Amino acid sequence: MKPVYFLCILFLCSTATAQTRLTGRVLDQKGRALPGANVFLKGTYDGGNTDSTGTFRFTSARNDTATLLVSYIGYEPFSQKITLGSSTPLTIRLQEATNELNTVVITAGSFEASDEKRMTMLKPMDIVTTAGANADITAAMNLLPGTQRVGEQTGLFVRGGSGEEAKVVIDGMIVQNPYFSSMPDVQSRGRFQPFMFKGTSFSTGGYSAQYGQALSSVLLLNTTDKSQNEGLGLSINLANTGLSYDHTSNKSSISATAYYGNLKPLFTLVRQNIDWTQVPEFAGTSLTYRLQPSKTGMLKCYGMYSASQLGMNFIDPSNDAGKTAFKQRNNNFFTTSTYTDSWADGRWLLYSGLSYSYDTDATTFDAYDFGRSSERLQGRAVLTRLLPNNNTFLFGTEASRVTLRNTVMGTRYALHDNYAALFVESQTYLGRNLAIQLGIRGEYASVINRFNLAPRLSMAYKTGLYSQVSLAYGQFYQTPDYRYLYLNRSLTYERADHLILNYQIIKNKRTFRIETFYKNYAELVREFTGQPFDANPYRFPIGQTDNSGNGYAQGFDMFWRDQKTIKGLDYWITYSYVDSKRLFQQFTVSATPTFISNHNISLIGKRYFEKISTNLGLTYTISSGRPYYNPNNETFLADRTPMVNNLSFSASHITRINKNLVVLYASVDNILNTHNVYTYRYTPDNKTRYAVGPQSYRSFFVGGVIMLSRKANVNVNEL
């Protein structure tokens, strides 16, 4: 043999003997074979795919140690350091990846309204196109289970809670004045537009330890990360006209709006039940800037300013003339900035924010000065650690300084409150079917010089591929109404304990949900005047106060939504029952508060007709009568108002004029012209009763929006 052939044979032999053979199987957690899984050694080209039995075989030139990687669609990636050369076959069991169907989510007390999550209940377009909501976020939330409409008062009324017990939070920051200034016996709408937000989470109780200062619920609104439009837009309707401008680049976007409103044209066409001495007139502007300074960072800045003025004579039985003149001039400013980022391959998340708001009402009742103002400076930071198997741990802090001022018939009151909170929360998955969320929150308020510690617990168990049960418990504290604190700083926190049990099934665009709850109220503020009960909702408390009040609220809610059965039709039905009594405020005995209806039903239906590019909607709501104070009845708050019902209609149509997108809309509220009564009030001699009802009975509204850019578009699937 020639030397060259000998060397070749020797080389081939040495190469063959250096090859290491790897064999094994790839299975799931139940031992079933996973065919087609990709198996290879890290940093090499050595590897292969599994066959129909989940078996793999391949060789490698390496003979020491290596990292074996396995990947398979729908399963968590597998990585393990191995020693090559062993003849024992490997057995690898992959963990199914977390997804919307195989992993439980905590739902007790929470309605998600995001276009990105499986838990979607309401999208921003739902809020705009739902009849009876009038494009108002709060009004749309009042159509969800657990809420009710209180026509003559402003706010969210949730499961026996008053309007002051629910907070509105934007990007984690509490909004001091989320609604336009209140007027006597008129419900004010929210200040913010639905399309500012990419997602809404509405809690009816048992909410996260990240939030506090709300005995009943929080409405969490998250602003969009980029503008949805491009160019100039013009809107005009019977109430106002406005201009908007949006521009988006690769890493930033900016949105600006300006509007002016005067309700005289609307009031000329729609008969009013209120004697307006100056029809509401308002103007405002807003600016939003978003910047993505890095691949993972996001900076968002939002600022708005609005001004308004109005005058009215409202029914006032305590006044000899039967009416009282009311005038108001409001100025409101709100700004918030947030920065979010992540690092270490997304395992650490940072959220930080800073906000400031200022609001002032120059208000007079007859000739008496009842002016007020508020100011809030707030900061917040939250750090989240993502752990394996979808587990998380977060901790954070927030602080605020609030200044409130009131003038009551020439007497001025003021207070300052420095508030601070710390919170930690963990979410643990014990497999795919069981999740536990534990949290605790500590708060300090300088105005009462008190500290509290509030534990929170939520659990969820997956009962089937599409169904689950959830449980939530927690303690929730709130600083007493500032009107009490002006005169008594020795008061302590009011408290509510929540216990919620929830069952939910979501399948084929159909959702069924039932939830039962119990709330225990403790340390509520009571007022002792030594005088008969005063039913005037705008009275200023003057009596002695303490925290000896208590109460409860219990009941259940049902929700059914169907977007599948009839093509194009989206409808949902809600029913809520609440039983509640309290001993608080001026109450001398425990009784059901005047803002509670025991039964509330909503039926909402919408259908989009593609051929005519038109969406039509109907909403019907029914609320049982609420208690009202009858001084001639020896039993306190034993009388009930008549049942309140309302049928509303809305329509929106999309077209193009000169290739510019145009959206036209119209709505009719209270089609049946029902003369609803919200409450009654009596004259001082108790002989005459006045009914308090809506601002108008049957009303209508029309308007339109034109996008002066050919790039503008609307996703009809969201209508």
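Before going into details, it helps to say that this report is about the structure given with it. (Residues numbered from 1 in each chain as written. Predicted model: local features only at pLDDT ≥ 70, side-chain atom pairs only at ≥ 80, totals over all residues. Heavy atoms only, no water.)

## Some words on the overall build of the protein
As a reminder of what qualifies: Going along the chain from the N terminus, every DSSP run of H or I of four or more residues is numbered as a helix, and every run of E of two or more is numbered as a strand. Per-residue accessibility, obtained with a 1.4 Å probe over protein chains only, is compared with the maximum for each type, and a residue is labelled buried under 20%, exposed over 50%, and partly exposed between these values. What makes two residues a contact is simply this: any of their non-hydrogen atoms within 4.5 Å. For every accessible area listed, the method is Shrake-Rupley and the probe measures 1.4 Å; residues are considered covered only by the protein chains on display. Just so you know, the count uses Lys and Arg for positive and Asp and Glu for negative, and it drops His and the chain ends. By convention, the point assigned to a charge is CZ for Arg, NZ for Lys, CD for Glu and CG for Asp.
If you tally the helices and strands in the protein, you get five helices and 41 strands. Dimensions of the protein along its principal axes, counting C-alpha atoms only, are 130 × 65 × 45 Å. Burial statistics for the protein: of 719 residues in total, 49% are counted as buried. Across the protein, contacts joining residues at least 24 apart in sequence account for 60% of those joining residues at least 6 apart. Counting every atom, the protein has about 33800 Å² of accessible surface; 57% of that belongs to carbon and sulfur. Averaging the positions of the 70 positive and the 53 negative side-chain charges in the protein gives two centres separated by 8 Å.

## Comments concerning the sheet that holds strand 6 (residues 78–83)
The criterion, for reference: Pairing between strands is defined by DSSP: at least two bridges between them are needed. Comment: axis = line fitted to C-alpha atoms, over the contacting stretch for helices; angle = value between 0 and 180 degrees taken between N-to-C directions.
Here we have four strands laid out as an open sheet, ordered 3-2-5-6, and antiparallel in their pairing. The open sheet has two edge strands with one neighbour each: strand 3 (47–49) and strand 6. Taken over all neighbouring pairs, the strand axes of this sheet differ in orientation by 15° on average, direction set aside. Sheet topology places strand 2 (residues 38–41) next to strand 5 (residues 65–71); four bridges connect them, and they run antiparallel. Following the sheet pairing, Leu-41 is matched in strand 5 by Leu-68.

## Structural notes on the pattern of salt bridges
For clarity, the threshold we go by: Salt bridge, as used here: a side-chain nitrogen of Lys or Arg that lies within 4 Å of a carboxyl oxygen of Asp or Glu.
Scanning the entire structure with this criterion turns up 21 salt bridges. Across the pair Asp-185 and Arg-681 runs a salt bridge, and its minimum N-O distance is 2.9 Å. Remark: Arg-681 occurs in strand 39 (residues 679–682) and Asp-185 occurs in the loop between strand 12 (173–174) and strand 13 (197–203); sequence separation between them is 496 residues. The exposure classification of Asp-185 matches that of Arg-681, with both residues buried. Of the charged contacts, one joins Arg-561 and Asp-570 as a salt bridge, the two residues approaching to 2.5 Å between their closest N and O atoms. Asp-570 gets classed as buried once you look at its relative accessible area, which sits at 10%. Among the ionic contacts, a cluster of salt bridges with common partners joins Arg-159, Arg-513, Glu-515 and Asp-557.

## Regarding the sheet that holds strand 7 (residues 90–93)
Read from one edge to the other, the open sheet built from three strands follows the order 4-1-7, with strand pairing classed as mixed. The sheet terminates laterally at strand 4 (55–60) and strand 7, the two strands that pair on one side only. Averaged over all neighbouring strand pairs, the angle between strand axes comes to 30°, with direction disregarded. With six bridges joining them, strand 1 (residues 20–27) and strand 4 adopt antiparallel strand pairing.

## Comments concerning the nonpolar core
Let me state the cut-off plainly: The criterion is simple. A nonpolar core is a set of buried Ala, Val, Leu, Ile, Met, Phe, Trp, Tyr and Cys residues joined through side-chain atoms within 4.5 Å.
Grouped together as the largest cluster of nonpolar side chains are 27 residues, with contacts concentrated most on Met-141, Leu-156, Phe-192 and Leu-219. When residues of this core are traced back to their parent elements, those giving at least two are helix 3 (137–141), strand 11 (166–170), strand 13, strand 14 (217–223) and strand 19 (298–315). Take this core: its biggest share by element is four residues, from helix 3. One finds Ala-472, Ile-500, Tyr-521 and Val-578 within the second-largest nonpolar core, a separate group that totals 20 residues.

## Details of the pairing of strand 14
Counting buried positions along strand 14 gives six out of seven residues, so the element sits mostly inside the fold. Of the strand pairs in this sheet, strand 11 and strand 14 are connected by five bridges, and their pairing is parallel. Across the sheet, Ala-166 pairs through a bridge with Ser-217, a residue of strand 14.

## A closer look at the pairing of strand 29 (residues 494–507)
Judged from the 12 bridges that link them, strand 28 (residues 467–478) and strand 29 form a sheet pairing that is antiparallel. Looking at the pairing, Ser-470 lines up with Asn-502 of strand 29.

## Here's the deal with unusual backbone geometry
If a residue is not glycine, its phi is most likely negative; likewise, a peptide bond is most likely trans. Unusually for a residue other than glycine, Gln-213 sits at a positive phi of about 60°. Here Gln-213 lies in the loop between strand 13 and strand 14. With a phi close to 50°, Met-409 is a non-glycine residue in the positive phi region. Relative to the helices and strands, Met-409 is located in the loop between strand 24 (392–408) and strand 25 (411–429).

## Overview of the environment of Leu-465
Tracing the sequence through the fold places Leu-465 in the loop between strand 27 (450–462) and strand 28. Along the sequence, Leu-465 and Ile-505 sit 40 residues apart, while their C-alpha atoms lie 9.0 Å from each other.

## Looking at the packing of aromatic side chains
Put simply, the test is: Note on aromatic contacts: the rings of Phe and Tyr and the six-membered ring of Trp form a pair at centre separations within 6.5 Å, being stacked when their planes are under 30 degrees apart, edge-to-face when over 60 apart, and tilted otherwise.
In the structure shown here, the tally under the stated rule is 27 aromatic pairs. Measuring from centroid to centroid gives 6.4 Å for Tyr-302 and Phe-334, while their planes differ by 55°, and the two rings are tilted. Pair noted here: Tyr-302 is in strand 19 and Phe-334 is in strand 20 (residues 323–343), with a separation of 32 residues, a long-range link. In this pair, the class of Tyr-302 matches that of Phe-334, namely buried. With centroids separated by 5.0 Å and ring planes inclined at 75°, the aromatic side chains of Phe-584 and Phe-587 adopt a geometry described as edge-to-face. Across the pair, exposure class does not vary: Phe-584 and Phe-587 are buried alike. Among the aromatic side chains, those forming a connected cluster through ring pairs are Phe-533, Phe-584, Phe-587, Tyr-629 and Phe-636.

## Here we look at the environment of Ile-127
Following the sequence through the fold, Ile-127 ends up in helix 2 (residues 124–129). Between the C-alpha atoms of Ile-127 and Ile-542, which are 415 residues apart in sequence, the distance is 41 Å.

## Considering a nonpolar patch on the surface
For clarity, the threshold we go by: Each patch is built from residues lacking any salt bridge and having more than 30% relative accessible area; the joining distance is 9 Å for like charges and 5 Å for nonpolar side chains (Val, Leu, Ile, Met, Phe, Trp, Tyr).
A contiguous nonpolar patch, built from Leu-232, Leu-234, Leu-243, Tyr-245, Ile-254, Leu-287, Tyr-289 and Leu-708 and spanning about 650 Å² of accessible area, is present on the exposed surface. Mapped onto the elements, Leu-232 comes out in strand 15 (residues 231–237). Residue classification places Leu-232 among the partly exposed positions, given a relative accessible area of 35%.

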